[in-house]
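Overview (structure and organization)
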Amino acid sequence: MTISTPSNSPPTDAASDPAIDLAVQDVVPESVDLAEEFESSGVREVMEELDKTLIGLAPVKQRIRETAALLLVDRARKRFGLAHSVPTLHMSFTGNPGTGKTTVALRMADLLHRLGYVRKGHLVTVTRDDLVGQYIGHTAPKTKDMIKKAMGGVLFIDEAYYLYRPENERDYGQEAIEILLQAMENDRDDLVVILAGYADRMDRFFNSNPGFRSRVAHHIDFPDYSDAELQQISELMVTEQNYEFSDKALTAMAEYINLRRKQSHFANARSIRNAIDRMRLRQANRLFQANAGPVGRKDLITLEEGDVRASRVFTGGLDSDAKPILPSAED
Amino acid sequence: MRITQGTFSFLPDFTDEQISAQVQYCLDNGWALNFEYTDDPHPRNTYWEMWGIPLFDIADAAGVMMELAACRKVHAGTNYIRMTAFDSSHGWESIRLSMITDRPAHEPGFMVERQEQAGRRIAYTTRAYVTTRPAGERYT
Amino acid sequence: MNDLTDTKAIPEKSRYSAGVMEYKKMGYWEPDYVPKVTDVIALFRVTPQEGVDPEEASAAIAGESSTATWTVVWTDRLTACDKYRAKCYRVDPVPNTTDQYFAWIAYDIDLFEGGSIANLTASIIGNVFGFKAVKALRLEDMHIPVAYLKTFQGPATGVVVERERMDKFGRPLLGATTKPKLGLSGRNYGRVVYEGLKGGLDFMKDDENINSQPFMHWRDRFLYVMEAVNKAQAETGEVKGHYLNVTAGTMEEMYARAEFAKELGSIIIMIDLVIGYTAIQSMALWARKNDMILHLHRAGNSTYSRQKNHGMNFRVICKWMRMAGVDHIHAGTVVGKLEGDPLMIKGFYDTLLGENVPANLQHGLFFDQDWASLNKCMPVASGGIHAGQMHQLIHHLGEDVVLQFGGGTIGHPMGIQAGATANRVALEAIIQARNEGRDYLAEGPEILAAAARWCSPLRAALDTWKGVTFDYASTDTADFVPTATAS
């Protein structure tokens, strides 16, 4: 389990907490300026942040924009006293590993917080192991514990389908599912649940658990990144860590991405991150072993072609018997 | 009588919303909350029964209020329930706030027993009337 | 004749020739000296006699409070006298004055006996205050090194353990001093104690001059008071206490009274500052050994702490008393009838409660002070305060304090219990509002008025004392004020 808090969330004092703002509205306004709302609620900031830090994912961003619009309008309607019900905010994020689901969940938590739909805006990320116990009576407290920690924020259940194991009729996952369903219904004001995982498995999961299907209103599909997007992502990651590719390394990286995708255990951006970590290691070893006098700034920040091409991906991938630098499942 | 232990015993009993505000104050200070219950209200009965272990890593009061609801389901009416906030920071490492959230409908109070001794001295014993009955049958 | 402008110590050979010599030249003025982490440092406010050089006056103070006498003595040369000489290393004019100077003087730790406030003070405030070359002298602050602090017990109980024993958390404690101070019989006295405790106070208190007088001898008081404490405890289900004053003419008598208080089951006793530092330390050791909270009434301090140019600042007393080992000390109210500038009082409270207190000139704290895990000492606010000021009291004094409403409890028109209840309700209402995040200082009067709608004792208290304030200028104020920025 991990708990993340939004890094740039607004202060939660009464004056600026949108939830409290709504509570004290007793005068019906003449009109509502949606553009101004977009600005003042901080939604624009979140959307910009999303655009800036996340490459690609156009359909995801579009869905988030739509959700934000819905919630903004919903808020405006409330001020006019127009009939409204608390919208169902539970979501499912489907897609392959490394397609940005957790990152977007963090932004989503921030967004919901700024719009006043959750009070704190923190994200609690869990998997089956955090929710399901090994003995009788072990599961309910574990699941409830996680729900308590997530109250006021977002509970992100990664690979949610592992909760459901029809092959074992005494599996304790079912108990966790029931408690989660209850919380998703009764604590809608305090808790948003996001279920995440591979698209096909999530489909099967929803089909066998209609309770979840009926409580999840927003489905967002995360497509795989294109080669060009992964190339961009690799450059962004390298820059963030104060490195840069040489021109030849850049070409090699493009080849690497193309090859890597065809091999097993490909995990989009996550595979790229891991590859870069290993390239840094090779670069360091190269600098150290070359032992060619003092090294300058340029040497320290440049990843060379050789640092990329030394990967086993170029020699047949995971089955290759090339000697690894690091024991690793992927390289 | 009304026993007046705890941070807020002289105010009317708090609503859930008011309790929740105190919970949030504690959470914002980084303190862990715990519920405890007892049917022995003696002022020096330090160790009330713990309802689970203290709730660490909770961000929002709603999570703590869930636990109070669960505790009440079992013990409200037949026990006192109090909420205790623990501060682990150096130089304190103890309780920061302790308030009674639930009390039995009728509180019979205490009697003072005086044992006269030499030189006008008196040895005092405070006894809760309810503790003449066995634990678990005191406020039923 | 020596050159008067030469500030350097003179060479060894001529330093010890018989006769009278400037203190500056005898090694008591060392502007380049960097204090060691083990040095005790004292900050004096010096008002030199007219015509006396401030540095020479300050060096003289360093000399007279350590090794020097009025004339050169050859016996210095039998000692490591460089080490034992206190060193004045800095002299600054006091802001907004014409004739006063701050002098920083460092003392080697070997000048002092461990664990003895008496020995420390015999040097620092010994002969030197009568020294003719200064017109007036005030000890403003001291830095006590960790090494020396560790030779002291510190508060016998401390704030945290006191709260644990009392089972009282999250709010200031409430007390009241039994009034009238003098004349009540034991039986009548106990009545006041019972009413106050039953009404909602945590503590009642003997006053500083209640010892054993013809109208009430001490054993009689102790017996009736403990009847009141135990009965109030049973009526409320709360732990209650009464500070039994054990101050007496001799140590033997104080021990006897303390033992009797313990036998009767009292959780707290009290002493007066006038019994002296050694007696206080002895009582603190006794209190630690006997699980007793030790309350100190600062009787007498204003004879030397109030005037700005002579005597000593109360913050130094706070430091010494935390070292000496008392659990409670009266440290001002800001809003009440006794001397107390808000910033100065903040400095006292930080000194008593802090773990690592940074220097803060506006609060009168000249040095960083690491308290080396000595227990915290609970400040007590007493004198001319009432329920209507509750929001201000909590704003200025915080949560770790005993608020004592003597007149504000016993003078209540509906009786003592009602007075106590008014205070407790006001206190809890303000703490509730503070925790809810309300601007309780600005909204204080409304918060109290709202509580008074269902609590008639509070309503009567607010009506009776509305508008009572003690608005006199403080005499002991900060020398350093924040500069207003142009805006």
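The numbering scheme is per chain: residues are counted from 1 as the chain's sequence reads. Starting at A for chains and at 1 for ligands, labels are handed out in the order in which the entities are written. The predicted nature of this model means local features are confined to residues of pLDDT at least 70 and side-chain atom pairs, given and counted, to a pLDDT of 80 or more, with totals for whole chains, interfaces and linings taken over all residues. The side-chain quantities take in all heavy atoms of the structure and omit both hydrogens and water.

Before going further, it helps to examine the overall build of chain B. For helices the rule is a DSSP run of H or I covering at least 4 residues; for strands it is a run of E covering at least 2, with both sets numbered from the N terminus onward. Helix and strand counts for chain B stand at two helices and six strands. With the C-alpha coordinates aligned to their principal axes, the bounding extent of chain B is approximately 55 × 40 × 25 Å. Each of the 140 residues in chain B was classed as buried or not, and the buried ones make up 54%. Within chain B, counting contacts between residues at least 6 apart in sequence, those at least 24 apart form 55% of the total. Each accessible area is a Shrake-Rupley result for a 1.4 Å probe, and residues are judged covered by the shown protein chains and nothing else. Total accessible area computed for chain B in this model is approximately 6,600 Å², and 52% of it derives from carbon and sulfur atoms. Of the side chains in chain B, 13 bear a positive and 18 a negative charge, and the two mean positions are spaced by 12 Å. Type-normalised accessible area, obtained with a 1.4 Å probe on protein chains alone, sets the label of each residue: buried when under 20%, exposed when over 50%, and partly exposed for intermediate values. Any pair of residues with heavy atoms lying within 4.5 Å of one another is described as a contacting pair. In this tally, Asp and Glu contribute negative charge and Lys and Arg positive charge; neither His nor the terminal groups of the chain are included. Just so you know, the charge point we use is NZ for Lys, CZ for Arg, CG for Asp and CD for Glu.

Okay, the sheet that holds strand E2 (residues 49–55) of chain B next. Residues and elements named next belong to chain B. Here, a strand pair is defined by DSSP locating no fewer than two bridges between the strands. Spatially, the four strands line up as an open sheet ordered E2-E1-E3-E4, and their pairing is antiparallel. Both outer strands of the open sheet, E2 and strand E4 (94–102), are each paired with one neighbouring strand and no more. The average undirected angle you get between the axes of adjacent strands in this sheet is 20°. Inspection of the sheet shows strand E1 (residues 32–38) paired to strand E3 (residues 80–87) by seven bridges, in the antiparallel sense. Residue pairing for E3: Ala32 is matched across the bridge by Phe86. Axes here refer to lines fitted to C-alpha atoms; in helices the fit is confined to the stretch in contact. Angles between the N-to-C directions go from 0 to 180 degrees.

All right, on to the pattern of salt bridges then. Within this document, salt bridges are pairs made up of a side-chain nitrogen of Lys or Arg and a carboxyl oxygen of Asp or Glu, the two lying within 4 Å of each other. Counted under the stated rule, the structure contains 69 salt bridges over all chains. Across the salt bridge formed by A:Glu49 and A:Arg107, the nearest N and O atoms sit 3.7 Å from each other. Placement of A:Glu49 in helix H3 (residues 43–53) and of A:Arg107 in helix H5 (residues 101–114) is noted, with a sequence separation of 58 residues between them. Classification of A:Glu49 by relative accessible area gives partly exposed; the value is 23%. Given the relative accessible area of 19%, A:Arg107 is considered buried. With its nearest N and O atoms 3.0 Å apart, the salt bridge here joins C:Arg163 to C:Asp400. Of this pair, C:Arg163 sits in helix H6 (residues 159–166) while C:Asp400 sits in the loop between helix H14 (390–397) and strand E15 (402–404), and the two are 237 residues apart along the sequence. For the pair C:Arg163 and C:Asp400, a shared accessibility class is recorded, and that class is buried.

The subject of this paragraph is the interface of chain C and chain B. Listed by partner, the interface residues are 45 residues for chain C and 38 residues for chain B. Once two parts are joined, some of their accessible surface, as seen by a 1.4 Å probe, is lost; buried area is that loss totalled over both. A combined buried area of about 3,500 Å² lies between chain C and chain B, and 51% of that area is made up of carbon and sulfur atoms. Seen at the junction of chain C and chain B, the total is three salt bridges. Here a polar contact is recorded for every N or O atom pair within 3.5 Å, except that within protein the pair must consist of a potential hydrogen donor and a potential acceptor, and residues adjacent in sequence are included only if both atoms are side-chain atoms. Inspection of the region where chain C meets chain B yields 18 residue pairs in polar contact (both at pLDDT 80 or more). Elements with a minimum of two residues in the side of chain C that touches chain B: H6, helix H8 (218–236), helix H9 (251–263) and helix H16 (416–435) of chain C. Ranked by residues supplied to the side of chain C that touches chain B, first place goes to H8(C) with 12 residues. Taken together, the residues of the side of chain C that touches chain B sort by class into 15 nonpolar, 11 polar and 19 charged. Polarity classes work like this: nonpolar for Ala, Val, Leu, Ile, Met, Phe, Trp, Tyr, Cys and Pro, charged for Asp, Glu, Lys and Arg, and polar for all others, with Gly in that last group.

So, on to the nonpolar core. In terms of nonpolar packing, the biggest core is built from 166 residues, with C:Phe44, C:Trp320 and C:Met321 touching the most fellow members. Those residues in contact with C:Phe44, other than ones at most four positions away along the chain, are C:Ile61, C:Tyr101, C:Phe102, C:Ala103, C:Ile105, C:Tyr107, C:Ile124, C:Phe129, C:Leu137, C:Arg138, C:Leu139 and C:Glu140. Within this scheme, the nonpolar core is defined by two criteria: the residues are buried Ala, Val, Leu, Ile, Met, Phe, Trp, Tyr or Cys, and they are joined through side-chain atoms within 4.5 Å.

Here we come to the interface of chain B and chain A. On the chain A side, the residues contacting the 12 residues of chain B number 10 residues. On the chain B side of the contact with chain A, B:Asp57, B:Asp60 and B:Met66 bury the most area, a combined 49% of that side's loss. The interface formed by chain B and chain A contains two salt bridges. Close ionic contact of A:Lys148 with B:Glu67 constitutes a salt bridge, the shortest N to O distance being 2.1 Å. Counting across the interface, chain B meets chain A through three residue pairs in polar contact (both at pLDDT 80 or more). Listed by contribution, the elements that provide at least two residues to the side of chain B that touches chain A are helix H1 (16–28) and helix H2 (61–75) of chain B. In terms of residue count, H2(B) provides more of the side of chain B that touches chain A than any other element does, four residues in total.

Residue and element names in this part refer to chain A. Domain segmentation is taken from an automatic or database assignment of domains. For chain A, the assigned domains read domain 1 (2–222) and domain 2 (227–319). The distance between the C-alpha centroids of domain 1 and domain 2 comes to 35 Å. Across the contact, eight residues belong to domain 1 and eight residues belong to domain 2. Buried surface at the junction of domain 1 and domain 2, summed over both partners, amounts to about 600 Å²; 61% is from carbon and sulfur atoms. When residues of domain 1 are sorted by the area they lose upon contact with domain 2, Ile55, Pro97 and Gly98 head the list and together hold 76% of the total. Across the contact surface, domain 1 and domain 2 share zero salt bridges. The interface formed by domain 1 and domain 2 holds two residue pairs in polar contact (both at pLDDT 80 or more) in total. In the side of domain 1 that touches domain 2, the residues fall into three nonpolar, five polar and no charged.

Residues and elements named next belong to chain A. Spatial ordering of the open sheet is given by E1-E3-E4-E5-E2-E6, a layout of six strands whose pairing is mixed. Taken across any chain shown, the strands that pair with only one partner, and hence form the sheet edges, are strand E1 (2–4) and strand E6 (218–222). The mean angle between the axes of side-by-side strands here comes to 20°, regardless of whether they run parallel or antiparallel. With three bridges joining them, E1 and strand E3 (residues 123–126) adopt antiparallel strand pairing. Directly across from Thr2, in E3, lies its bridge partner Thr125.

Residue and element names in this part refer to chain C. Given a helix with a known number of residues, its expected span is that number minus one, times 1.5 Å. Between its first and last C-alpha, helix H10 (residues 277–289) extends 19 Å over 13 residues, near the 18 Å set by a 1.5 Å rise per residue. Within the span of H10, buried status applies to Tyr277, Ala279, Ile280, Gln281, Ser282, Met283, Ala284, Trp286 and Ala287. Close packing links the buried residues of H10 with helix H4 (117–124), H9, strand E8 (268–272), strand E9 (293–297), helix H11 (302–305) and helix H12 (314–324). Following H10 by one or two positions, Asp291 adopts a phi angle in the positive range, close to 55°.

Planes of paired rings set the category: under 30 degrees apart is stacked, over 60 is edge-to-face and the rest tilted, where pairs are Phe, Tyr or Trp rings (Trp by its six-membered ring) whose centres lie within 6.5 Å. For the coordinates displayed, the defined rule picks out 25 aromatic pairs over all chains. Taken together, a centroid distance of 5.4 Å and an interplanar angle of 70° make the contact between A:Tyr161 and A:Tyr162 edge-to-face. A:Tyr161 sits in the buried class, given a relative accessible area of 7%. For the ring pair C:Phe102 and C:Trp104, a centre distance of 6.4 Å and an interplane angle of 75° mean the geometry is edge-to-face.

On to helix H4 (residues 58–79) of chain A. Its 22 residues place the ends of H4(A) 32 Å apart at the C-alpha level, agreeing with the 32 Å of an ideal helix rising 1.5 Å per residue. Taken as a whole, H4(A) has its buried residues at A:Val60, A:Lys61, A:Ile64, A:Thr67, A:Ala68, A:Leu71, A:Leu72, A:Asp74, A:Arg75, A:Ala76 and A:Arg79.

With that out of the way, let us pick up unusual backbone geometry. All names here are of chain C. In this model, Lys179 is joined to Pro180 through a cis peptide bond whose omega is -5°. For Pro180, the position within the fold is in the loop between strand E5 (173–177) and helix H7 (186–199). Residues other than glycine seldom take positive phi values, yet Asn96 does so here, at roughly 65°. Examined against the element boundaries, Asn96 turns out to sit in the loop between strand E2 (87–93) and strand E3 (101–107). Unusually for a residue other than glycine, Asp167 sits at a positive phi of about 55°. Here Asp167 lies in the loop between H6 and E5.

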